Amino acid sequence: MKRTAPTTPDEIYMQRCLQLAALAQGRTSPNPMVGSVIVYKDKIIGEGYHHYAGAPHAEVMAWRSVPEELRGLVGEATWYVSLEPCAHYGKTPPCAELIAGLRPARVVVAMLDPFAKVDGRGVARLREAGIEVSIGCLEQAAIALNRHFLVAQTLGRPYVTLKWAESADHYIDRLRHDASEAPYIFSSPLRQRSVHRLRGLHDAILVGHHTAELDDPLLTNRSGCGGQPIRLLWCHSRLPRPELRMLQDATARTIILLPPTLMAQVPDGQYPPHVSCLATTGEVRDLLTLLRSQGIESLLVEGGAQVLQRFLDSGLYDELNVEHAPVELHDGVPAPNV
Ligand code: AOF
Ligand code: ZN
């Protein structure tokens, strides 16, 4: 993404909206991150952001932050929002209605909200109230910030990030036969921390059965930032061993994804209460449709090579997060072929 420094006053205040919005990174799903600033004569008199789904929207937070004695200035103020104000009664009342009632001189929004219940209605409501509305200030930055939400809304599937680390000669691991052989660790502690942070920015993390059995990963976010994603274990031919750490550890929910034939074989009480099973096929498209129906808007695929290759071959992915380690393994598990 091209980033340029904001230059106009509108861009400077919208930049502030985006900064505020990003304070809730990893915490707003299935809602977008939104920030809002109210400006009177080149001074910010109120600002706020949407903290988590179900909490008040950014515009409400911004309005609440305006000191009582300054509220009368709103008629001459410009109101900035990084996403079109909503027009529907959801968990909270419509922000467009609040703003229309307060009648600021101008409203600046970075982008329209593609959510079906909004989709231009928020801006239409403001214009109907006689308020001047500008759309598109720092639009690309706003789109980038909410790419998970936007893909889920417009394509009807989760945003997919594929992640792996590979050696200079394109191997992702040494050859191993069972879990007693440790995986090759490419990443520095700093990079490992950033991987945990990446986990915290996604709603769910996926691994295949082979990786789960061989690495026995915990798949939790231990960065201290963002949320605790749902762990997904995609199995095709066998039920996973109940001893696996992601099935024992209850820090996060785990969903085992099984073909319908295996689904029928899961014994009652086989797995602890934080684990559930869902039926799906081996097709990436079917899997993504299922995950979207479960409210999952973003998916981090952590391996192994076969699962990553399935996603690459399907074309159903949005972002690659690949670490290129400056080491040579000479032999091993070949990296996915992009
Ligand atoms: C805004 N400002 O800060 C946010 C908006 O369930 P609700 O009532 O919270 O509504 C969620 C929808 O509202 C969400 O899908 C998105 O379209 C919009 N989010 N809108 O005006 C905000 N977070
Ligand atoms: Zn709203």
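Owing to the predicted nature of the structure, the values given are computational and were not obtained by experimental measurement.

**Brief notes about the packing of aromatic side chains**
Line of reasoning, step 1. Under the defined criterion, the tally for this structure stands at four aromatic pairs.
Line of reasoning, step 2. With a centroid separation of 6.3 Å and an interplanar angle of 65°, the aromatic rings of Trp-234 and Phe-311 are classed as edge-to-face. Here Trp-234 is found in strand β9 (residues 230-234), whereas its partner Phe-311 is found in helix α12 (residues 305-314), with 77 residues between them in sequence. Residue Trp-234 shares its accessibility class with Phe-311, and that shared class is buried.

**Structural notes on the domain arrangement of the protein**
Line of reasoning, step 1. Looking at the protein, the domain boundaries give domain 1 (9-150) and domain 2 (157-334).
Line of reasoning, step 2. A separation of 36 Å is found between the C-alpha centroids of domain 1 and domain 2.
Line of reasoning, step 3. Each partner contributes residues to the interface: domain 1 has eight residues there, and domain 2 has 11 residues.
Line of reasoning, step 4. Note on domain 1 versus domain 2: buried area summed over both sides is about 870 Å², and carbon and sulfur give 42% of it.
Line of reasoning, step 5. The interface formed by domain 1 and domain 2 includes one salt bridge.
Line of reasoning, step 6. Of the charged contacts, one joins Arg-147 and Glu-319 as a salt bridge, the two residues approaching to 3.0 Å between their closest N and O atoms.
Line of reasoning, step 7. Across the contact surface, domain 1 and domain 2 share seven residue pairs in polar contact (both at pLDDT 80 or more).
Line of reasoning, step 8. Across the side of domain 1 that touches domain 2, the residue classes break down as two nonpolar, four polar and two charged.

The rules we used
Residues numbered from 1 in each chain as written. Chains lettered and ligands numbered in written order. Predicted model: local features only at pLDDT ≥ 70, side-chain atom pairs only at ≥ 80, totals over all residues. Heavy atoms only, no water. Phe/Tyr/Trp six-rings, centres within 6.5 Å; stacked < 30°, edge-to-face > 60°. Helix = DSSP H or I, 4+ residues; strand = E, 2+ residues; numbered from the N terminus. Buried < 20%, exposed > 50% of the residue type's maximum accessible area, 1.4 Å probe, protein only. Domains from an automatic or database assignment. Contact = heavy atoms within 4.5 Å. Buried area = accessible area lost by both parts, 1.4 Å probe. Salt bridge = Lys/Arg side-chain N within 4 Å of Asp/Glu carboxyl O. Polar contact = N/O pair within 3.5 Å; in protein donor to acceptor, adjacent residues only side chain to side chain. Nonpolar A, V, L, I, M, F, W, Y, C, P; charged D, E, K, R; others polar.

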